[in-house]
Amino acid sequence: MRPDLERLGRFDEHRVRQRLRDSFSSRYTSVIVADDAFAGCVTVRPAEDGRWLEHFYLAPGVQGRGLGSAVLRTLLERTDADGVPVRLNVLQGSAARRLYERHGFTMEAQDPIDVYMVRRPGAGTDAFGT
């Protein structure tokens with residue numbers, strides 16, 4: 001995420017760490033393991049109108065191998081079963097936006113820094129191969 005924040009002129013180490021501290025919830029966070037090693041984490045936090053997907057981080061060495069799609073597919077199968085939408089925000093120009101769009105997320109709003117996206121239950125099922 002740092003390269004995207006630097007590209008936008010928004011990287012501030014203190015602010016990034018504080019944002020994570022302020023919003024991190026171990027209760028809703030899962031650790032991602034690949035090849036018996038830590039590969040990342042993701043948070044799916046309940047909200048009044050569905051779920052928020054937050055802090056979806058993969059180590060650079062495991063990116064581009066389909067792990068993000070596999071994790072996202074599993075999470076979305078669960079939220080689809082609950083019949084709730086999922087929201088997230090992604091930095092403007094981030095490559096991660098294409099991953100989310102492949103899985104049925106669409107833009108709901110945007111500002112100069114973030115794109116706010118939503119995925120309704122069952123949207124983008126083609127990304128699941130069904």
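In this text, all values refer to a predicted model and were calculated from it rather than measured experimentally.

S.K.: Could you give me a rundown of the overall build of the protein chain, with the residues and numbers involved?
M.R.: Looking only at helices and strands, one finds four helices and six strands in the protein chain. Counting from the amino terminus, the protein chain carries its helices and strands in the arrangement α-α-β-β-β-α-β-α-β-β. Buried positions account for 37% of the 130 residues belonging to the protein chain.

S.K.: Please give an account of the nonpolar core that cites residues and values.
M.R.: Of all hydrophobic cores here, the largest spans 22 residues; its most connected members are I32, L53, F56, L67, L72, Y100 and F105. Elements with a minimum of two residues in this core: strand 1 (29-34), strand 2 (37-47), strand 3 (50-58), helix 3 (67-82), strand 4 (86-91), helix 4 (96-102) and strand 6 (114-119). For this core, the leading source of residues is helix 3, giving five residues. Setting aside its immediate chain neighbours within four residues, L67 contacts I32, A34, A39, L58 and V62.

S.K.: Could you give an account of the pattern of salt bridges, with specific residues and numbers?
M.R.: Pairing between side chains of opposite charge can happen when their charged atoms approach one another. Across all of its chains, the model carries seven salt bridges by this definition. Measuring nitrogen to oxygen at the nearest pair gives 3.4 Å for the salt bridge that ties R65 to D35. Here the residue R65 occupies a position in the loop between strand 3 and helix 3, and D35 occupies one in the loop between strand 1 and strand 2, the gap between them amounting to 30 residues. Overall, R65 belongs to the exposed group, its relative accessible area being 51%. The class for D35 is exposed, based on a relative accessible area of 66%. The partner of D49 in a salt bridge is R87, with the nearest N and O atoms 3.1 Å apart. One end of the pair, D49, is in the loop between strand 2 and strand 3; the other, R87, is in strand 4, and 38 residues separate them in sequence. Residue classification places R87 among the buried positions, given a relative accessible area of 12%. Through salt bridges with shared partners, a single network forms among D49, R87 and E108.

S.K.: Could you give me a rundown of the side chain of S69, with the residues and numbers involved?
M.R.: You can see S69 is positioned in helix 3. Residues in contact with S69, not counting those within four places in the same chain, are L99, R102 and H103.

S.K.: So what's going on with empty space enclosed by the protein? Which residues, and what values?
M.R.: Any space left empty among the atoms is revealed by the rolling of a water-sized probe across them. One pass over the full model with this rule turns up one cavity of 30 Å³ or more. Approximately 30 Å³ is the volume found for the largest cavity. Split into classes, the residues belonging to the lining of the largest cavity amount to six nonpolar, one polar and no charged.

Conventions we followed
- Residues numbered from 1 in each chain as written.
- Predicted model: local features only at pLDDT ≥ 70, side-chain atom pairs only at ≥ 80, totals over all residues.
- Heavy atoms only, no water.
- Helix = DSSP H or I, 4+ residues; strand = E, 2+ residues; numbered from the N terminus.
- Buried < 20%, exposed > 50% of the residue type's maximum accessible area, 1.4 Å probe, protein only.
- Core = buried A, V, L, I, M, F, W, Y, C linked by side-chain atoms within 4.5 Å.
- Contact = heavy atoms within 4.5 Å.
- Salt bridge = Lys/Arg side-chain N within 4 Å of Asp/Glu carboxyl O.
- 1 Å grid on protein atoms, 1.4 Å probe; cavity = no way out; pocket = protein on both sides within 12 Å on 5 of 7 lines; lining within 4 Å.
- Points joined across faces, edges and corners; volume = space filled by probe spheres on them.
- Nonpolar A, V, L, I, M, F, W, Y, C, P; charged D, E, K, R; others polar.

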